[in-house]
Amino acid sequence: MEYVRAACATLIAVVFAASAVSKLRDFRGFARSLPTLAPVSARLVRPLALVVVAAETATPILLAVPRAASYGFALACALLTAFTAAIAGVLRRGRQATCRCFGASSEPVGRRHLVRNGALLISTVLGGLAPQGLPAPAGLAVAATAGVAGAILIISFDDVVDLFARSS
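Predicted, not measured: the structure shown is a model, and the values here were computed from it. Residue positions are given per chain, counting from 1 as you read along its sequence in written order. Restriction of local features to residues with pLDDT of at least 70 applies here, the model being predicted, together with a cutoff of 80 or more for giving and counting side-chain atom pairs; totals for whole chains, interfaces and linings are based on all residues. Side-chain calculation: all heavy atoms of the structure are included, whereas hydrogens and water are not.

With that out of the way, let us pick up the packing of helix α3 (residues 42-64) against helix α4 (residues 69-93). Note on method: axes are straight lines fitted to C-alpha atoms, helices fitted across the in-contact stretch only, with angles between N-to-C directions ranging 0 to 180 degrees. Think of it this way: any DSSP run of H or I at least four residues long counts as a helix, any run of E at least two long counts as a strand, and we number them from the N terminus. Between α3 and α4, whose axes approach to 8 Å, the crossing angle comes to 145°. Once α3 is placed against α4, the crossing between them reads as left-handed. Of the residues in α4, those in contact with V52, A55, E56, A58, T59, L62 and L63 of α3 are A69, Y71, G72, F73, L75, A76, L79 and F83. Polar here means any residue other than Ala, Val, Leu, Ile, Met, Phe, Trp, Tyr, Cys and Pro, which are nonpolar, and Asp, Glu, Lys and Arg, which are charged; Gly is therefore polar. In terms of residue class, the contact of α3 with α4 is built from 12 nonpolar, two polar and one charged. Helix crossings fall into two classes, left-handed where the near helix is turned counterclockwise from the far one by less than a right angle and right-handed where it is turned clockwise. The contact definition used throughout considers only heavy atoms, calling two residues in contact when any of these lie within 4.5 Å.

Working definition: a ring pair exists when centres of Phe, Tyr or Trp rings (six-membered ring for Trp) sit within 6.5 Å. Plane angles under 30 degrees give stacked, over 60 give edge-to-face, the rest tilted. A complete count under the given rule lists zero aromatic pairs for this structure. Geometrically, a charge over a ring is one whose NZ (Lys) or CZ (Arg) sits within 6 Å of the ring centre while staying within 35 degrees of the ring normal. Lying over the aromatic face of F30, K23 brings its terminal NZ or CZ to 5.2 Å of the ring centre.

Along the chain, A20 turns up in helix α1 (residues 2-25). Taking the C-alpha atoms as reference points, A20 and Q132, 112 residues apart in sequence, are found 26 Å from one another. Every residue in contact with A20, bar those within four places of it in the chain, is listed here: V53, E56 and T57.

Have a look at this one:
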């Protein structure tokens, strides 16, 4: 089971690192998008954006340290729960908001983002509940490779869904 934990930690770490980097690349754009996702006063937009980016940056760091990985999984779970609630709120209210999860995008949030976050939440819970331990180097390499492959699919989820939607 330590292989599951390693794969999940890698997947979550890569996803959150990519998300944090993309938000930092266009921090102003990310901050401007927050009021469309959640009711937040104008004076709290920048501090909230800073907290989100800081937490997304801290997540992969915590996951990389074996003794702190449980905190990384917990932080990821909290962030994903908040993101999922914000997306569900937008959909419930019938509002339009763009997904700025991995940088500038004109893609509106939708059910696919709830599915993606659900998959990430499952990975976070599995990783957090899996026994701690350092797998053998070869097994760790396989688990990390699987985690990176999963992260690439998650990061490009919108493109993958669009690809399959066009072919049907």
